[in-house]
Amino acid sequence: MLTKRIIPCLDVKEGRVVKGVNFLGLRDAGDPVALAAAYDAQGADELVFLDITASHEARGLLFDLAARVAEQVFIPFTVGGGIASVDDFRRILATGADKVSVNSAALKNPDLIRAASERFGSQCVVVAIDPKRTGDTKSGWEVHVHGGRTKTGVDALEWAERVYQLGAGEILLTSMDADGTKAGYDLPMTRAVADLVPIPVIASGGAGTPAHLADALTKGGASAVLLSSILHYGEFTVAQIKEHLSTQGLPIRRASIG
């Protein structure tokens, strides 16, 4: 059985890690490089860095940040935000990042997924999908872009299936309804996507306790869980979370220290 991954997420705005609720009300959570090094030391399996305003503000990627992170951590990490071309993929991978996450630009230009996967391999291509519950789509979940600011009218399940067909290696699935609430992941949505596509689905949005993570990995069918608030503000360490998940019989790479 494949090991389940615990992935701290660092949402970056103006060089600082921030966190809000339902994509709003952002508050400072610290320095991204320092947090990355701490989570690496705690036993995180991977890291994700998302420049949460890059697409909306049409700003460039945080290439310097990615390079500094690469010098400090020894685990795989993903960088996303403002990706618009295959050359953006090349530049961010050249800094030392292992994967690139695309969201808004992929929906605008789906062929970006295919072109990037053909050039760099599907394992490098993570497509982030931010759905919100709605009565306007067949599945009941609608894709939003630009950091959750823009409705698209696109059905989340239809888009998930398409990005897989285009060559995405993973889907980073964030429930806008659950994000930052610490009330648990959207399990029905996560399960629906995980059952639909054969690639790993990373559950995101709503982690409040280790039990929530266990639910996402079992009931939700996720291959990995993304978490931020409960780590950034010191409620739990990665090692404590992994210890809990191990007691639930989940295949976890044990943290060496904690």
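Preceding this paragraph is the structure being described.
Residues numbered from 1 in each chain as written. Predicted model: local features only at pLDDT ≥ 70, side-chain atom pairs only at ≥ 80, totals over all residues. Heavy atoms only, no water.

A. Highlighting empty space enclosed by the protein. The tally for this structure, following the rule as stated, stands at two cavities of 30 Å³ or more. For the largest cavity, the calculated volume is near 70 Å³. Along the wall of the largest cavity there are twelve residues; nearest its centre are Phe49, Leu62, Leu65, Val79 and Gly80. Broken down by secondary-structure element, the contributors of at least two residues to the lining of the largest cavity are strand S4 (47-51), helix H3 (63-72) and strand S5 (77-80). Split by residue class, the lining of the largest cavity holds nine nonpolar, two polar and one charged. Counted as a void, the second largest cavity has a volume near 40 Å³. Lining the second largest cavity are Ile7, Glu46, Val48, Thr78, Lys99, Val126, Glu170, Leu172 and Ile202. When the residues that make up the lining of the second largest cavity are grouped by side-chain class, the tally is five nonpolar, one polar and three charged. (1 Å grid on protein atoms, 1.4 Å probe; cavity = no way out; pocket = protein on both sides within 12 Å on 5 of 7 lines; lining within 4 Å. Points joined across faces, edges and corners; volume = space filled by probe spheres on them. Helix = DSSP H or I, 4+ residues; strand = E, 2+ residues; numbered from the N terminus. Nonpolar A, V, L, I, M, F, W, Y, C, P; charged D, E, K, R; others polar.)

B. Focus on the packing of helix H9 (residues 210-218) against helix H11 (residues 238-247). It is the contact of H9 with H11, at a shortest axis distance of 9 Å, that shows an interaxial angle of 55 degrees. In terms of their interaxial angle, H9 and H11 are classed as oblique. In this structure, H9 crosses over H11, and the sense of that crossing is right-handed. Each of Pro210, Ala211, Leu213, Ala214 and Leu217 in H9 lies in contact with H11, whose residues at this interface are Ile241, His244 and Leu245. (Axes fitted to C-alpha atoms, helices over the stretch in contact; angles between N-to-C directions. Parallel < 35°, antiparallel > 145°, perpendicular 65-115°, else oblique. Left-handed = near helix turned anticlockwise from the far one by under 90°. Contact = heavy atoms within 4.5 Å.)

C. Representation of helix H7 (residues 156-166). Those residues of H7 that sit buried are Ala156, Trp159, Ala160, Val163 and Leu166. Projection of H7 onto a plane perpendicular to its axis shows the buried side chains occupying an angular sector of 130 degrees, all on one side. The distance from a side-chain oxygen at the start of H7 to the backbone nitrogen of leucine 157 is 2.9 Å, and the residue carrying that oxygen is aspartate 155. Residue glycine 167 follows H7 closely and has a positive phi angle near 115 degrees. (Buried < 20%, exposed > 50% of the residue type's maximum accessible area, 1.4 Å probe, protein only. Arc of directions from axis to C-beta. Polar contact = N/O pair within 3.5 Å; in protein donor to acceptor, adjacent residues only side chain to side chain.)

D. Looking closely at the packing of aromatic side chains. The full count for this structure, using the stated rule, is two aromatic pairs. Here the aromatic rings of phenylalanine 49 and phenylalanine 77 are separated by 5.9 Å at their centres, their planes lie at 85 degrees, and the arrangement is edge-to-face. Separated by 28 residues along the polypeptide, phenylalanine 49 in strand S4 and phenylalanine 77 in strand S5 bring together distant segments of the chain. Ring centres of phenylalanine 89 and phenylalanine 120 lie 6.2 Å apart, and the angle between their planes is 10 degrees; on these two criteria the pair is classed as stacked. Separated by 31 residues along the polypeptide, phenylalanine 89 in helix H4 (residues 86-94) and phenylalanine 120 in helix H6 (residues 111-120) bring together distant segments of the chain. (Phe/Tyr/Trp six-rings, centres within 6.5 Å; stacked < 30°, edge-to-face > 60°.)

E. Examining the environment of glycine 249 more closely. Along the chain, glycine 249 falls in the segment after H11. Residue glycine 249 is classed as exposed on the basis of its relative accessible area of 63%. Sequence spacing of glycine 249 and arginine 114 is 135 residues, and the spatial spacing of their C-alpha atoms is 37 Å.

F. Fine view of the pattern of salt bridges. Across all of its chains, the model carries twelve salt bridges by this definition. Of the charged contacts, one joins glutamate 46 and lysine 99 as a salt bridge, the two residues approaching to 3.1 Å between their closest N and O atoms. Remark: lysine 99 occurs in strand S6 (residues 99-102) and glutamate 46 occurs in the loop between helix H1 (32-42) and S4; sequence separation between them is 53 residues. With respect to burial, glutamate 46 and lysine 99 carry one shared label: buried. Note that lysine 219 and aspartate 215 form a salt bridge whose closest N and O atoms lie 3.7 Å from each other. Under the relative-accessibility criterion, lysine 219 is labelled exposed at 55%. The exposure class assigned to aspartate 215 is partly exposed, which follows from its relative accessible area of 24%. In the salt-bridge network here, residues are joined through shared partners; they are Arg5, Glu46, Lys99 and Glu170. (Salt bridge = Lys/Arg side-chain N within 4 Å of Asp/Glu carboxyl O.)

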